[in-house]
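Each chain is listed here by its residues.
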Amino acid sequence: MPETLTQPAKLLVKLHGKGSRHIELSLETFTIGRKADNTLAIEDPAVSGHHARIVKVQAVFFLEDLKSTNGTAINGKPITRHQLHDADVITIGQHRIVFQESTTASTAAPAPSVDLDRTMVLRGTDRTPDEPALTAKVLIIAGRTDRLEYPLTKQVNVIGSQDGAVIRLTGWFAPKSAATIARRGQNYSISPSQGTKSLLVNGADVVGQQDLKDGDQIEVAGVKLMFYGLSGTKNASR
Amino acid sequence: MTDPLLGLYVVCDGMGGGNAGEIASALAVEEIHAHLAEAARHADLPLIGPCDATVSAAANRLASAIRAANDVILRESWSRPDYAGMGTTVVAALLREEVLTIAHVGDSRLYLVRNGTIQALTTDHSWVAEQILKGLMTEEEAEHSPRRNIVTRALGVESSVDVELTEVPVKSEDMLLLCSDGLTRGVRPDDILHILKGSEDLPTLADRLIAMANEAGGNDNTTVVVVALRDELQAGLWERLKKRFVA
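Residues numbered from 1 in each chain as written. Chains lettered and ligands numbered in written order. Predicted model: local features only at pLDDT ≥ 70, side-chain atom pairs only at ≥ 80, totals over all residues. Heavy atoms only, no water.

### Let's talk about the sheet that holds strand β11 (residues 95–100) of chain A
For sheets, the rule is that strands pair by backbone hydrogen bonds, running either parallel or antiparallel. Residue and element names in this part refer to chain A. With antiparallel pairing, six strands are arranged side by side in an open sheet as β2-β1-β11-β10-β7-β8. In the strand order of this sheet, the two ends are held by β2 (20–24) and β8 (77–79), each with one partner. When the angles between neighbouring strand axes are averaged without regard to direction, this sheet yields 30 degrees. In this sheet, strand β10 (residues 89–92) lies alongside strand β7 (residues 72–74) in antiparallel orientation, the contact comprising two bridges. Within β10, the residue paired with I74 across the bridge is I90. (Pairing = 2+ DSSP bridges. Helix = DSSP H or I, 4+ residues; strand = E, 2+ residues; numbered from the N terminus. Axes fitted to C-alpha atoms, helices over the stretch in contact; angles between N-to-C directions.)

### Quick word on the packing of aromatic side chains
All names here are of chain A. A full pass over the atoms with the stated rule returns two aromatic pairs over all chains. With centroids separated by 5.6 Å and ring planes inclined at 55 degrees, the aromatic side chains of Y188 and F227 adopt a geometry described as tilted. Linking Y188 in strand β18 (residues 187–192) with F227 in strand β23 (residues 223–228), this pair joins segments that are 39 residues apart in sequence. You'll find Y188 and F227 in the same group, each marked buried. Taking NZ or CZ as reference, R81 lies 4.3 Å from the ring centre of F62, over its face. (Phe/Tyr/Trp six-rings, centres within 6.5 Å; stacked < 30°, edge-to-face > 60°. Buried < 20%, exposed > 50% of the residue type's maximum accessible area, 1.4 Å probe, protein only. Lys NZ or Arg CZ within 6 Å of the ring centre and 35° of its normal.)

### Points about the nonpolar core
If you look at the biggest cluster of nonpolar residues, it comprises 31 residues, and the most contacted ones within it are V10, I32, L62, I66, V90, L155 and V163 of chain B. Looking at this core, the elements that each hand over two or more residues are β2 (8–15), α1 (20–41), α2 (57–77), β3 (87–96) and β4 (99–105) of chain B. Counting residues per element, this core draws most heavily on α2 of chain B, at nine residues. Setting aside residues no more than four positions away along its own chain, I66 of chain B makes contact with I32, V90, A92, A103, V105, L155 and V163 of chain B. In this structure, V138, L152, A178 and L199 of chain A belong to the second largest nonpolar core, which totals 23 residues. (Core = buried A, V, L, I, M, F, W, Y, C linked by side-chain atoms within 4.5 Å. Contact = heavy atoms within 4.5 Å.)

### Examining the pairing of β18 of chain A
Residues and elements named next belong to chain A. Of all six residues that make up β18, five are buried, and the element is covered over most of its length. Bridge count between strand β17 (residues 179–184) and β18: six bridges; the pairing is antiparallel. Across the sheet, residue R184 finds its bridge partner in β18, namely N187.

### A word on the environment of M226 of chain A
Turning to its location among the elements, M226 of chain A is positioned in strand β23. Once the C-alpha coordinates of M226 of chain A and K137 of chain A are considered, the two residues, 89 residues apart in sequence, prove to be 8.4 Å apart.

### Describing the confidence of the model for chain B
Parts of the model with low pLDDT should not have their predicted coordinates read in detail. Across chain B, the average pLDDT comes to 86, with 92% of residues at or above 70. Under the prediction, the complex receives an ipTM of 0.70, its pTM being 0.66. (pLDDT = per-residue confidence, 0-100.)

### What about helix α7 (residues 202–215) of chain B?
All names here are of chain B. When the terminal C-alpha atoms of α7 are compared, their 20 Å separation across 14 residues agrees well with the 20 Å that a helix rising 1.5 Å per residue should span. Those residues of α7 not exposed but buried are L205, A206, L209, M212 and A213. The arc enclosing the buried residues of α7, seen along the axis, measures out at 125 degrees, which places them on a common side. Counted as exposed and oriented over 90 degrees from the buried face of α7: P203, D207 and E215. Looking at the packing, one finds that the buried side of α7 touches β9 (175–179), α5 (181–186), α6 (189–196) and β10 (224–228). Of the residues flanking the end of α7, it is G217, one or two places downstream, whose phi is positive at about 95 degrees. (Expected span 1.5 Å × (residues − 1). Arc of directions from axis to C-beta.)

### Some words on the packing of α1 of chain B against α2 of chain B
Residues and elements named next belong to chain B. Viewed as axis vectors pointing N to C, α1 and α2 meet at an angle of 140 degrees, and their least axial separation amounts to 8 Å. In terms of orientation, α1 and α2 fall into the oblique class. As α1 packs across α2, the resulting crossing turns out to be right-handed. The segment α1 lies against α2, with A24, L27, A28, E31, I32, H35, L36 and A39 engaging R61, L62, S64, A65, I66, A68, A69, V72, I73 and E76. Looking at side-chain class alone, the contact of α1 with α2 contains 13 nonpolar, two polar and three charged residues. (Parallel < 35°, antiparallel > 145°, perpendicular 65-115°, else oblique. Left-handed = near helix turned anticlockwise from the far one by under 90°. Nonpolar A, V, L, I, M, F, W, Y, C, P; charged D, E, K, R; others polar.)

### Looking at the confidence of the model for chain A
Residue and element names in this part refer to chain A. Summary statistics for chain A give a mean pLDDT of 78 and a share of 79% for residues scoring 70 or more. This model gives residues 103–117 a pLDDT under 50, and the stretch forms 15 contacts once residues within four places in sequence are excluded. Here residues 125–132 is modelled with pLDDT under 50, and outside its nearest four sequence neighbours on either side it reaches 16 contacts, counting other chains as well.

### A short note on the packing of α6 of chain B against α7 of chain B
Residues and elements named next belong to chain B. Contact pair α6 / α7: the axes reach a minimum separation of 10 Å and the direction vectors enclose 150 degrees. Relative to α7, the element α6 is oriented roughly antiparallel. For α6 against α7, the interelement crossing comes out right-handed. Along the contact surface, α6 presents D191, I192, I195 and L196, while α7 presents L205, R208, L209 and M212. Broken down by class, the residue content of the contact of α6 with α7 amounts to six nonpolar, no polar and two charged.

### Quick word on the side chain of S177 of chain A
As for its position among the elements, S177 of chain A is in the loop between β16 (167–168) and β17. A residue is classified by how much of its surface remains accessible, and S177 of chain A, at 17% relative accessible area, is buried. Contacts of S177 of chain A, omitting those with residues within four sequence positions, involve V158, I159, G160, Q162, S193 and T196 of chain A together with E98 of chain B.

### A word on the sheet that holds strand β19 (residues 199–201) of chain A
Residues and elements named next belong to chain A. Taking strand neighbours across the sheet as the criterion, the six strands line up as β14-β13-β23-β22-β19-β20 in an open arrangement whose pairing is antiparallel. Either end of the sheet is taken by a strand with one partner, and the two such strands are β14 (149–151) and β20 (204–205). Relative to β14, strand β13 (residues 137–142) runs antiparallel, the two sharing three bridges. Residue pairing for β14: K137 is matched across the bridge by P151.

### Regarding unusual backbone geometry
All names here are of chain A. A positive phi angle, near 50 degrees, is found at N202, a position not held by glycine. Mapped onto the secondary structure, N202 falls in the loop between β19 and β20. Assessed through its relative accessible area of 44%, N202 is described here as partly exposed.

Structural data, given as structure tokens:
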């Protein structure tokens, strides 16, 4: 299965005269063109055989025109290379593709019109707004693990050999749980597990708990990891 | 309700006329416990409701148990006229190894006591809490609001329930406090902390908290559960060792 490092971005594809549909950008490279070997094949003589592609670099998507005959436009302007942002409209010939980074819905709460002295339930209020689905990740620099890169998708991400560990250690003497990386809101912190003799962040011992920042190097149980935080994400304004 | 073998601790606070509230909270505790005990015996017991990938399998199981309880209470509330409209809040903690899973619905809370500080790990599902979150009300105003009794989520009210799941790593010197709003309405976290720092045994600490809630004008049905992780993690280890050698 391909690794999805962030929440999947989507394309809303509106082919001329053919209605619209959603496609998830789950691959690192997404190609658009007339020929059948493209990820999105468009049968239209106005579209070049290999017309354009969308490439994912870290968490950012780029649209590149592949020297197509009729060109590729973003929001009406012709481009050769462009960093995609939410709701950008890609135009190829008469076809439109809308890039959708993430969707967060919010609804206003109705004001309650009740006023009683005992505990009661108010139905149909809004949920607390979802936190942005962006996740930090760690890269394995050295040591035995089952993968080289792990998105920190859970609230508590265990580094260890146990079932359910997010960062799975595969060394022979790897402890079941060496340390945990926990998320509270937008902040990540690491703490050693019981019995872990040494947990280093940037070479310094961690005793209780330490907040992690982008680029921190973690050493524990014979494994070296690099933490990639949420830097570069904008603060949600609400 | 506590079951150290499962690592399960639950506080429910019922609502509804007559003794319907008590019925609802008793049903919730019973069903949550039964569902988890069943899952411990049969790992393939189907999960009720959606699976949340941001938390562990155990957390999803706990949410499933709470949804099962929701179904039971809702069904019962239709079975007798005097049960109509009953419901309950719940805060449940599941402790495994060094990860604490918290599931809650409504305004019952879980506090973590660590290194001489106290911190709420749950956010109330109440109207005033929503106002505070939106910045429309201060905590002080919320305490005196005539609407402070309004919860925005509860078990037994609708056919589905939105369970909030939280996971945090814990340490053997930590303490947990699960409590109904009877405690937090009249007693400040600092006062709670002061008592929990005491050296008495846990039942005595719990009694002192309840006495303090009643003094502060509590309605005499405050529920608290105090857990010292040192005891529980060791007890858990001991039980596992016993099981390994006996079985």
